[in-house]
Every structure is written in structure tokens, then in C-alpha cells.
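An overview of the molecular structure
Chain by chain, the residues:
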Amino acid sequence: MPALLYTLGFLTVYLLAICTPWGQRAENPWFYLGIQGGEAAWIYPLSGSVYGSTPLPPLELSAKPTVMAGLAVIVLLTLVRRCWRQGFAALGVAILAIGAKEVFKSTVPRPDLVGAPENLLDQGFPSGHTVIPAALTLAAVLVVSPRIRPYVATAGVLWLACIAAATATMGGHRPSEVLGATLLACACYGLATWLLPQAAAPGATRSPRALHVIALALALIVALVSGARPDTLTRSLVSAATAFICAALVWYAAVGRPARRTRPALD
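In what follows, the accompanying structure is described.

Conventions used here
- Residues numbered from 1 in each chain as written.
- Predicted model: local features only at pLDDT ≥ 70, side-chain atom pairs only at ≥ 80, totals over all residues.
- Heavy atoms only, no water.
- Helix = DSSP H or I, 4+ residues; strand = E, 2+ residues; numbered from the N terminus.
- Rg over C-alpha atoms; globule rule 2.2 N^0.38 Å.
- Buried < 20%, exposed > 50% of the residue type's maximum accessible area, 1.4 Å probe, protein only.
- Contact = heavy atoms within 4.5 Å.
- Areas by Shrake-Rupley, 256 points an atom, 1.4 Å probe, with all protein chains shown as cover.
- Lys, Arg positive; Asp, Glu negative; His and termini not counted.
- Charge placed at Lys NZ, Arg CZ, Asp CG, Glu CD.
- Phe/Tyr/Trp six-rings, centres within 6.5 Å; stacked < 30°, edge-to-face > 60°.
- Patch = residues over 30% accessible without salt bridge, like charges linked within 9 Å, V, L, I, M, F, W, Y side chains within 5 Å.
- Salt bridge = Lys/Arg side-chain N within 4 Å of Asp/Glu carboxyl O.

Glancing now at the overall build of the protein. Tallying secondary structure elements over the protein gives nine helices and zero strands in all. N-terminal to C-terminal, the α/β element order of the protein is α-α-α-α-α-α-α-α-α. Taken against the 2.2 N^0.38 rule, which gives 18 Å for 267 residues, the C-alpha radius of gyration of the protein at 18 Å falls within 12% of a compact globule. Residue burial in the protein is summarised as follows: out of 267 residues, 51% are buried. For the protein, long-range pairs separated by at least 24 residues make up 81% of all intrachain contacts whose partners lie at least 6 apart in sequence. Total accessible area computed for the protein in this model is approximately 12,700 Å², and 70% of it derives from carbon and sulfur atoms. Across the protein, the centroid of the 19 positively charged side chains sits 20 Å from that of the 10 negatively charged ones.

Right under this line is the structure:
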């Protein structure tokens, strides 16, 4: 089932990037590409790091309010549409993904296999700022009307592309940590849709063919702009590529395939 594939992807990224010397050597220099810090990034003024500025949710201190607002919207949509099973599943996706991120970061250590500086040893896998838009987007598509589901998913992947690229390019997280957060959210979504009864699970979403191209093209543009830095082309392009892959994963999970796989009947 898709949940298993996403989980295997999550574990593979962790094992290769975090638990191997060559994986750590490939990503540790990430923080030294260009000027250290996020000030050089084009999106820095929207990050909330500037004194007195309002952060782009869920960056900086807006993370918890963003989660609470997202959960409130899911509850409201559930009450309005009276889709109780889908609503509980959506809440489960958001809470499980964000909670699993906290548990993983606090219990699974980051081994030092290459003698890295102390400031690079903090466990940042998976990215908390990235898992929030990914999880809330996938939760929202469970409770909205099937007719507007593709458009909600489009807005969600654009949000995710922006946050994922910004998080990576400003030095908050390595690319593997951003990708791992998205795979974690997709795994929770896949599990929720698999556990839903057949009648309540979302089926294949019909959407205009052009919307697939438009959504992913816009996600690529947003990722490129959000990840842009004038001091290092490599960091800009890798950040944008990572964010686009994250957006494509969420788009595929929410819209690009039937969300439900029929389980074999039990005797």
C-alpha cells in the first residue's frame, strides 16, 4: 500500500543521509555554501527573522498558531459537511504526522560519523516547518468537496513548495530533512485513507488535465523564487529541486492517484 512505500522512503532517506559517513559529508557543507545564515535569501524578509516582521506561516513563531488554525478549519469543515469519518481521518493525519515528527526528533539520535562541528550535530530530521504544510494540505483534501479538492491541493502544494524551499535555502534544515518531513506526511495520509471504510475513502479525483501541469509548473516557479540566493547558485537550485519534489509527492498523494486501495476481504 502507498503508506508502506512512503514509510520505506522516509526510512531510506534517514538511513542514507543521516546514518552514513558519505551522506553526512554530502550535506554538512550545505550550511557553508554562500554567506552563512539566511539573510542573503530573497525570501528572508518574509521569514519573520527581521525584527517586527510578520512571518510567513509556519515559519518562526507562527508554527503553533498555524497548526491550531489548520486543525480548527478541519473541524469546521467536518461539522459543515458532516463527513465524520473523513474528519477524524484528517485530524489523524495532521496530528500523527506532526506528533511523529516530534517523537522522531527527540528519540532518534543523529550520529556524528565525520567529526562535524558541534552546531551541526543537533537532530533536525525531519523538518518541523515542512511537515506542517504537507500534513495540513493532505488533511484538508480529505474533508473538502471532491469538486474543489484539486484546487485545494494546488494551493497546498504551492504553500509547501514555498516553505520547503525557504527552510532549506535559509539554512534551517538540510535537503534530506525537508524531504523526510514530506514523506512522513504522505505516509500518514496513505495510512489514513487505507484504514477508512470503502464508502468513506476518497476515490480517484477527476480534475482538468491541464491542472496537473499548471499546478506543478507553478510549484516549480514558487520553489525557484523561494529558494533563490544571489550568493550561491548550487544552494538555490538544490533547495528549489528539493521543494519541487516535496510538492510533487503531496500532489501525487492527494490528486495524482486514487487515494484508496481496496483491501482483501477477511474471512
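So, about the packing of aromatic side chains. The relation between two aromatic rings is expressed through the spacing of the ring centres and the mutual angle of the planes. A full pass over the atoms with the stated rule returns five aromatic pairs. Relative to Phe 125, the ring of Tyr 14 has its centre 5.3 Å away and its plane inclined at 50 degrees; by these criteria the two rings are tilted. With Tyr 14 in helix H1 (residues 2-18) and Phe 125 in the loop between helix H4 (84-107) and helix H5 (128-143), the pair connects residues that are 111 residues apart, well separated along the chain. Here Tyr 14 and Phe 125 have matching classes, each one buried. Put simply, the rings of Phe 10, Tyr 14, Phe 104 and Phe 125 touch in pairs and so form one group of aromatic residues.

To continue, consider a nonpolar patch on the surface. A cluster of nonpolar side chains, Met 1, Leu 4, Leu 5, Leu 8, Leu 96, Leu 191 and Leu 195, forms an exposed patch at the surface whose accessible area comes to about 650 Å². Taken together, the elements giving at least two residues each to the nonpolar patch come down to H1 and helix H7 (175-195). Looking at the nonpolar patch, the element that brings in the most residues is H1, giving three residues.

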